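What follows is each chain in one-letter form.
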Number of protein chains: 2
Amino acid sequence: MIQTPYLLFLGDAPDQLSAKVAQGIKDWRPENAVGQLRMANCGASVGLADLTLAEAKAAGAKTLVIGVANRGGVISPAWKDVLIAALAMGFDIASGLHNLLRDENDLVAAAGVNGRSLFDVRIPTVAYPIANGKKRMGKRCLAVGTDCSVGKMYTGLAMDAEMQRRGMKSTFRPTGQTGILITGGGVPLDAVIADFMAGAVEYLTPDNDADHWDHIEGQGSLFHVSYSGVTMALIHGGQPDALVLAHEPTRAHMRGLPDYKQPSLAELRDLSLKVARIANPECKVIGVSVNTQNIAADKYETYLAEIEAEMGLPTVDPFRQGAGRLVDALAEI
Amino acid sequence: MIQTPYLLFLGDAPDQLSAKVAQGIKDWRPENAVGQLRMANCGASVGLADLTLAEAKAAGAKTLVIGVANRGGVISPAWKDVLIAALAMGFDIASGLHNLLRDENDLVAAAGVNGRSLFDVRIPTVAYPIANGKKRMGKRCLAVGTDCSVGKMYTGLAMDAEMQRRGMKSTFRPTGQTGILITGGGVPLDAVIADFMAGAVEYLTPDNDADHWDHIEGQGSLFHVSYSGVTMALIHGGQPDALVLAHEPTRAHMRGLPDYKQPSLAELRDLSLKVARIANPECKVIGVSVNTQNIAADKYETYLAEIEAEMGLPTVDPFRQGAGRLVDALAEI
């Protein structure tokens, strides 16, 4: 686990979108961040106090999290002075970039001298077991998508947050680098060795109280040929009791695959249930989560109502409407 | 690629079953093996000439293949003298054991001194791409199983051998260590990083002549929760034109999973086709391959006839009957 609270490093972020990781932490675990650190030419802000390293240290920050991704996912030379100074002041550093902290000799040296840790959250650090398929105590919910990047992580985080608000027992279980940085721990599933994928998910979502829900972060899509194996392992390792169908309705084709059309929600429901019931015969689809960001403010509710009528399932955009109705539906199973 | 021909090292194999890899090479690529090397207490033979290292060298052998697996998959200290002598005489060494050649310092040193290579075929050596899902030229056949270890590799090898006999264009494409050692190359799919599984399969089965068939070695099962993600990536990366259903009818439960029952062949057909048609809408199931080794000699033909009537598909045990009828069925699509 990465030590919290964090100082969020925004560096020389060219725009707001490039600070997505920092924004995610601010949105979902504000208690995990004491402030942000921006360089002179930074073009982003997540609306937290601008702190120096010394001020952040005084405020209790334990880890500097790289909350920005520049083009190519590299660690910019311009960042190095700040990162090395942070290690010298006793911060750990955590990053989800492709360019690993551990591959930068100057950072490794500075971490060694100062007895600090570098966390590359894209890389597994645990020797995960082979999945044993045994039924586990507690309940699990998983969002499955018609495509990649349709809002599965957002759906899980929003349902978890809503359950916390209601005083219900709930944990968000990250399976990707952004989720891991938000909560401080998880499994970077797309970097796990094939044979151990389902076992890594079992490890991530152990036995729990009978009335506790794990919200497992979804990945890929059964219908996305590049990543469907990861999704399959997530469903069989996660043995979900509840599935939420996640959809982005304005895509011309599957992400990155111009020759592949998105499946319908009915096709997603049927294949996902068939697959999920291999691991958990009691699994049910409880709702639909639609990312309507590309639908106008005066049109999206009509669209959601149409989907709700067609699918016979509670249908919401959790960003615009909250995840309350999805949590209501969970309570019924 | 591993250089052929091989000398098959049987070492101190306790019994015939432990020499399964050597037997596979002898059965399927006899032209790849000049002979076998057995230690004094060896309890196995694959029926090839017993050669010393010097005799094998004179016969043209390039690589000593460890064709035996002892308990735990370790490289036995008792083997070391032979292996080091082989490196000194100019052999490469290839192994599919869990215990890697590269982790044995004395072997690494001897290989270095003599300028030889150590091949651990469980470990990928290629940086595989992310799958792009593009339609490739040529045709592909894949065996999918009701369970793990039901005869998928055997089915693919037998169909490839039958097509070679008929003068048809055909290649066996290994995805596991035994298959890789048999042919000298392939992708160790269960050891590939999750994100690159389907891409590794695309890499393994590139564009080919329109009338050429790749027989892709199957792995796992969509119904085996420990490994289903690997199977899924194999189906979506392989984009098969033809599926063969592989089955072992006497299992009490899924291999290693006492709480999971095997699916029926009809369930296997339906789920496999649904999944395969995401990548290749023209995919067809062309036959059933049953491993009847646990059914008596006077009963198995009746059983196969029953399955054939039930499924409406050519149904054979390729070990007992050959793969001719499966190849006939391929020719029709």
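Residues numbered from 1 in each chain as written. Chains lettered and ligands numbered in written order. Predicted model: local features only at pLDDT ≥ 70, side-chain atom pairs only at ≥ 80, totals over all residues. Heavy atoms only, no water.

1. With respect to the environment of T178 of chain A
Residues and elements named next belong to chain A. When you line up the elements, T178 lands in helix α6 (residues 177-183). Taking C-alpha positions, T178 is 9.5 Å from P188, a pair spaced 10 residues apart along the chain. Setting aside chain neighbours within four positions, we find T178 in contact with V21 and M153. (Helix = DSSP H or I, 4+ residues; strand = E, 2+ residues; numbered from the N terminus. Contact = heavy atoms within 4.5 Å.)

2. Considering the packing of helix α3 (residues 80-88) of chain A against helix α4 (residues 105-114) of chain A
Residues and elements named next belong to chain A. Between α3 and α4, whose axes approach to 8 Å, the crossing angle comes to 15°. When the interaxial angle is binned, α3 and α4 end up roughly parallel. At the point where α3 passes α4, the crossing takes the right-handed sense. Contacts between α3 and α4 pair K80, L83, I84, L87 and A88 from the former with D106, L107, A110, A111 and N114 from the latter. In the contact of α3 with α4, the residues fall into 7 nonpolar, 1 polar and 2 charged. (Axes fitted to C-alpha atoms, helices over the stretch in contact; angles between N-to-C directions. Parallel < 35°, antiparallel > 145°, perpendicular 65-115°, else oblique. Left-handed = near helix turned anticlockwise from the far one by under 90°. Nonpolar A, V, L, I, M, F, W, Y, C, P; charged D, E, K, R; others polar.)

3. What to know about the confidence of the model for chain A
Per-residue confidence for chain A gives a mean pLDDT of 97; residues scoring 70 or more make up 100%. For this predicted complex, the interface score ipTM comes out at 0.95, alongside a pTM of 0.95. (pLDDT = per-residue confidence, 0-100.)

4. Things to note about the interface of chain B and chain A
Taken together, the contact pairs 32 residues of chain B with 32 residues of chain A. Where chain B abuts chain A, roughly 2800 Å² becomes buried across the two surfaces, and 63% of that area is made up of carbon and sulfur atoms. Between the two partners, chain B and chain A, sit 0 salt bridges. Where chain B packs against chain A, one counts 10 residue pairs in polar contact (both at pLDDT 80 or more). Listing elements by their share of the side of chain B that touches chain A, those giving two or more residues are α7 (197-204), α8 (228-238) and α9 (265-279) of chain B. Broken down by element, the residue count for the side of chain B that touches chain A peaks at 6 residues, all from α8 of chain B. Of the residues in the side of chain B that touches chain A, the class split is 22 nonpolar, 7 polar and 3 charged. (Buried area = accessible area lost by both parts, 1.4 Å probe. Salt bridge = Lys/Arg side-chain N within 4 Å of Asp/Glu carboxyl O. Polar contact = N/O pair within 3.5 Å; in protein donor to acceptor, adjacent residues only side chain to side chain.)

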